[in-house]
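# Understanding the architecture of this molecule
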Amino acid sequence: MPDAAAAVTGRAGAAPGAPVPDTPTLCPPAARTGRRRRLWELPAAAHDLLLALSFDTETLRQETARAIGRLHKARCTVGGADVDVLYSIVNDLGRRNAVSEAFQRRLEAAHAATVRRWATLREAAALRQAWSEALQGQALAPSLWALLTHPGSPDLEAGALLDARAWVFRHARSALAARAATQAQSACTTALAAEVASLRKRLAAQQTTSQALLDDARQDAARLRGEVQRWRAACESHPPAAASGRPAPVATAPGLGVPPRPAASTVAVAQVVPAAAPAPQACVSPPPTPGNAPPAATEPAPAAVHGKQVLCVGGMQHAVARYRSHVERLGGRFEHHDGGVEEGLQRLDGRLARADLVVCQAGCVNHEAYRRIKRYCARAGKPCLFLDRPSLARFERALGAAGPHEAARA
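The notes below deal with the structure included here. (Residues numbered from 1 in each chain as written. Predicted model: local features only at pLDDT ≥ 70, side-chain atom pairs only at ≥ 80, totals over all residues. Heavy atoms only, no water.)

## Considering the overall build of the protein
For the record, the criterion: Strands are runs of DSSP state E lasting at least two residues, helices are runs of H or I lasting at least four, and both sets are numbered from the N terminus onward. Three labels apply to residues, based on accessible area from a 1.4 Å probe with only protein chains included: buried if under 20% of the type maximum, exposed if over 50%, partly exposed otherwise in between. Contacts between residues were defined by any pair of non-hydrogen atoms, one from each residue, lying within 4.5 Å. For the area figures, the Shrake-Rupley method with a 1.4 Å probe applies, and any residue is considered shielded solely by the protein chains shown.
The helix and strand tally for the protein stands at 16 helices and four strands. The buried share of the protein, reckoned over its 410 residues, is 38%. Contacts in the protein between residues at least 24 apart in sequence constitute 75% of all its contacts with a sequence separation of at least 6. Roughly 22600 Å² of accessible area belongs to the protein as shown, and the carbon and sulfur atoms make up 57% of that amount.

Now the structure itself:
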């Protein structure tokens, strides 16, 4: 390709290919006339930069197809890989033809404002200053086009092309880093979204399970409230004992039976008259099943408590200290078992063996503990007080009203 100086000289009237005469200025003849250079007059190294910085691949294909279509008066389509299209167009820009003229017009229209601003710069120092400022910006294509086509640019052309390639390399690295960061962020977002979906699924399953457990607990609470009400009704309908000391018959709640009374020679028991106040809510236990209701009993004497090991099974937990205080005040030794509510039943057998007197508060023990106490006391012949409702007053009356029966037994 002939250089720009030769092309300009040929248009001025000199023979094409004639040597360019030496001149004292560093600018080519075009600079002296003030004419801006055309796209095909620029070095080939500038073409790919201008195209890559100014247009995307689709625009290059469309503009090339229109130029060739106008030339051949037909509709054309440019195929091939993006790199092949770019370098095919660069090859066409080395000379004046339909393609190079089309891109000359597109570049002039796209960068017209920058070209007008650079046209006011006359000195080489001003051009260098403007170019340095352009290298600091984010859009280099308008300034590169304005500099390369400026009449005074040949002295700056080589350095400007190197600077432009360095600028492209630097920004390409930044773009790649930004793209990698975007991809990493997208992958992280996708992973977080999947984790959130998994957590929501687990939460929904746990909510379903919790709701089912809550419904079961509500049903159990309603059932227990009904049992408590029936047990209270049965206890409140219990008539007081006769003045003669004979135990009153035990009232039976709806659906509940009364177990047979054990023989007096087997277990000494005491029937405590129920108080007017209702049973405490802190200690609620299902009533004994039919055949396991607390039997009536005789009354042991305080003399039987003195020096004896008294085992209290069941009762109100917050009143255990007062149970102990009362037994020790009567001269006995106190031991307690909660009747299987929290303590294991395997500990009950050892305490029954150590006890001299057993107080079973039947309303606060489970059925297995009740049956164990009843069987053990019957087998061992140990005295046992069965209290149908947990009450500190009943406990104290049962021990305080103990009379000659137990004293004689002791």
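## Considering the pattern of salt bridges
Defined as follows: Salt bridge criterion: a side-chain nitrogen from Lys or Arg within 4 Å of a carboxyl oxygen from Asp or Glu.
Under the counting rule described, the total for this entry stands at 17 salt bridges. Between Arg354 and Glu335 there is a salt bridge, and its shortest N-O distance comes to 2.4 Å. Taken together, the positions of Arg354 in helix α13 (residues 346-354) and Glu335 in strand β2 (residues 333-337) put the pair 19 residues apart, joining distant regions of the chain. Judged by its relative accessible area of 46%, Arg354 is partly exposed. Measuring nitrogen to oxygen at the nearest pair gives 3.3 Å for the salt bridge that ties Glu368 to Arg372. With Glu368 and Arg372 both in helix α14 (residues 367-380) and four residues apart, this pair spans about one turn of that helix. Exposure remark for Glu368: the relative accessible area of 27% places this residue in the partly exposed category. The network of salt bridges with common partners includes Glu335, Glu343, Arg351 and Arg354.

## Concerning the nonpolar core
We count it as follows: Here the nonpolar core consists of buried residues drawn from Ala, Val, Leu, Ile, Met, Phe, Trp, Tyr and Cys, with membership extended through side-chain atoms lying within 4.5 Å.
Counting residues in each nonpolar core, the largest one holds 38 residues, and the members touching the most others are Leu39, Leu51, Ile89, Phe103, Trp118 and Trp131. Only α3 (44-54), α4 (57-72), α5 (82-92), α6 (98-110), α7 (112-119), α8 (124-135), α9 (141-148) and α10 (154-236) provide two or more residues apiece to this core. Those residues within four positions of Trp118 in sequence are excluded, and the remaining contacts are Leu127, Ala130, Trp131, Ser143, Ala146, Leu147 and His150.

## Thoughts on α9
Residues that lie three or four places apart on an α-helix share one face, since the helix turns once every 3.6 residues. Counting buried positions over the eight residues of α9 gives eight, a clear majority of the element. Listing the buried residues of α9 in full gives Ala141, Pro142, Ser143, Leu144, Trp145, Ala146, Leu147 and Leu148.

## Topic: the environment of His47
Relative to the helices and strands, His47 is located in helix α3. Separated by 42 residues in sequence, His47 and Ile89 place their C-alpha atoms 8.9 Å apart. Excluding residues that lie within four positions of it along the chain, His47 makes contacts with Leu39, Trp40, Leu42, Val90, Leu93 and Gly94.

## Focus on the side chain of Thr64
Mapped onto the elements of the fold, Thr64 is located in helix α4. Residue classification places Thr64 among the buried residues on the basis of a relative accessible area of 5%.

## Points about the packing of α13 against α14
Selection rule: Every axis corresponds to a line fitted to the C-alpha atoms, with the helix fit spanning only the stretch in contact, and the corresponding angles, defined between N-to-C directions, vary from 0 to 180 degrees. The cut-offs work like this: below 35 degrees is roughly parallel, past 145 is roughly antiparallel, 65 to 115 is roughly perpendicular, and the gaps in between are oblique. In a left-handed crossing the near helix is turned counterclockwise from the far helix by less than a right angle, and in a right-handed crossing that turn is clockwise. Under the scheme applied here, ten amino acids are nonpolar (Ala, Val, Leu, Ile, Met, Phe, Trp, Tyr, Cys and Pro), four are charged (Asp, Glu, Lys and Arg), and all others, including Gly, are polar.
Where α13 contacts α14, the axes come no closer than 11 Å and their chain directions differ by 30 degrees. Between α13 and α14, the interaxial angle falls into the category roughly parallel. Relative to α14, α13 is oriented so that their crossing is right-handed. Seen from α13, the contacting residues are Gln346, Leu348, Asp349, Leu352 and Ala353; seen from α14, they are Ala369, Arg372, Ile373 and Tyr376. A per-class count over the contact of α13 with α14 returns six nonpolar, one polar and two charged.

## A few points about unusual backbone geometry
You will see that Lys73, though not glycine, has its phi angle at about 55 degrees, which is positive. Within the secondary structure, Lys73 is located in the loop between α4 and α5. By relative accessible area, which is 75% here, Lys73 ends up exposed.

## Topic: α14
The cut-off we apply is this: Expected helix span is given by 1.5 Å per residue-to-residue step, counting one fewer step than there are residues. Each direction from the helix axis to a C-beta atom contributes to the arc, which is the arc of those directions.
For α14, with 14 residues, the first-to-last C-alpha span of 20 Å sits near the 20 Å given by 1.5 Å per residue. When α14 is considered as a whole, its buried residues turn out to be Ala369, Tyr370, Ile373, Tyr376 and Cys377. One side of α14 carries all its buried residues, which in axial view fall inside an arc of 140 degrees. In this fold, the buried residues of α14 make contact with β1 (309-313), α13, β3 (357-361) and β4 (384-387). Following α14 by one or two positions, Gly381 adopts a phi angle in the positive range, close to 70 degrees.

## Regarding the sheet that holds β3
Stated precisely, the cut-off is as follows: Between any two strands, pairing holds if DSSP finds at least two bridges.
Read from one edge of the open sheet, four strands run β2-β1-β3-β4, paired in parallel fashion. Lying at the two open borders of the sheet, with one neighbouring strand each, are β2 and β4. Strand-to-strand twist of the sheet, defined as the mean angle between neighbouring strand axes without regard to direction, takes the value 15 degrees. Its contacts with the sheet place α13 against β1, β2 and β3, and it is angled at close to 160 degrees to β2. Where helix α15 (residues 392-400) meets the sheet, its contacts fall on β1, β2, β3 and β4, and the angle it forms with β4 comes to roughly 150 degrees.

## Re the pairing of β4
Applicable threshold: Orient the strands so they point away from the viewer, and a crossover whose first-strand-to-second-strand path over the helix runs clockwise is right-handed.
Side chains Cys384 and Phe386 of β4 all project onto a buried face; the interleaved residues Leu385 and Leu387 project onto the opposite face, where all are buried too. With four bridges connecting them, β3 and β4 associate as parallel partners. Bridging from a neighbouring strand, Val358 pairs with Cys384 of β4. Considered for its hand, the β-α-β crossover made up of β3, α14 and β4 is right-handed.

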